[in-house]
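Inside the fold
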Amino acid sequence: MTALEILSLIGIDILLSGDNAVVIALAASKVPQNLRNRAIFGGTIMAILLRILAATVLIQFLGLPFLQLVGGLILLRISYNLIAHKEEENTKINASDKVIGAIKTIAIADFTMSIDNVIALSSVADGILPIIIGIAISIPIIIFGSKLLTNLMERFPIIVYVGAGLLTYAAGKMMVEDKGLELLPINIPESLHSIIPIAMAIFLVVVVYIKNNIAKEAKATT
């Protein structure tokens, strides 16, 4: 486990969790002011535990044939959605005025919105310990620094594109190294195990960047 691996996991979780802080704030909005921090803290702890539990279960299955291939395809979709300016689905939040109710709502809403995060982290990480550290560090940053993070990503869109490129590279590595491919008449030379993912990352980022700019220009002319 290296510091670079942990930093990359923190970065991925932050990039994919832009709306989670808003959900947490909404879920705790009806709790009395003097109890709100308690609800947010409790909900945050529950959210961390749920993500770690899901990642622990998911990692156990990634070694099975073709599951890395499926995981890679899902990770590709996550990468595309990250930079394709797709409209996010609205998440209905039933805020509670009770601390326990707010904690439950925060944990469930955060987990529901974070399935993609769990898949991405489980795919990139080598073991559960880096995921635990990455999630434990990134969630408080997301909650308490969401406004700053949002402003940074809006001001420097390159951050999001680089993140999507790294996720696409990880997806490509998963797919070409899937053990299930050995059961098929497909032989990918080991020398291409890095070249293919790099090519996939460059292709996706460049194509979506061009697509976004065309859409932006079309919107400006209307």
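For the structure itself, consult the block above.
An account of the accompanying structure is given in this report. (Residues numbered from 1 in each chain as written. Predicted model: local features only at pLDDT ≥ 70, side-chain atom pairs only at ≥ 80, totals over all residues. Heavy atoms only, no water.)

**Topic: the overall build of the chain**
Along the chain, the regular secondary structure elements total ten helices and zero strands. Ordering the α and β elements of the chain from the N terminus gives α-α-α-α-α-α-α-α-α-α. The globule rule puts the C-alpha radius of gyration for 222 residues at 17 Å, and the 19 Å found for the chain is close to it. The principal-axis extents of the C-alpha atoms in the chain amount to approximately 60 × 50 × 30 Å. Relative to its full complement of 222 residues, the chain shows a buried share of 41%. Residue pairs at least 24 apart in sequence account for 87% of intrachain contacts in the chain once pairs closer than 6 positions are excluded. (Helix = DSSP H or I, 4+ residues; strand = E, 2+ residues; numbered from the N terminus. Rg over C-alpha atoms; globule rule 2.2 N^0.38 Å. Buried < 20%, exposed > 50% of the residue type's maximum accessible area, 1.4 Å probe, protein only. Contact = heavy atoms within 4.5 Å.)

**What about the pattern of salt bridges?**
Proximity of charged atoms lets side chains of opposite charge pair with each other. Going through the model one piece at a time under the given rule, you end up with two salt bridges. Between Asp13 and Arg51 there is a salt bridge; the shortest N-O distance is 2.8 Å. Of this pair, Asp13 sits in helix 1 (residues 3–15) while Arg51 sits in helix 3 (residues 33–61), and the two are 38 residues apart along the sequence. The same class applies to Asp13 as to Arg51, namely buried. Notably, a salt bridge pairs Glu177 with Lys173, separated by 3.0 Å at the nearest N-O pair. (Salt bridge = Lys/Arg side-chain N within 4 Å of Asp/Glu carboxyl O.)

Spatial relationships are all this shows, so hold off on functional conclusions.
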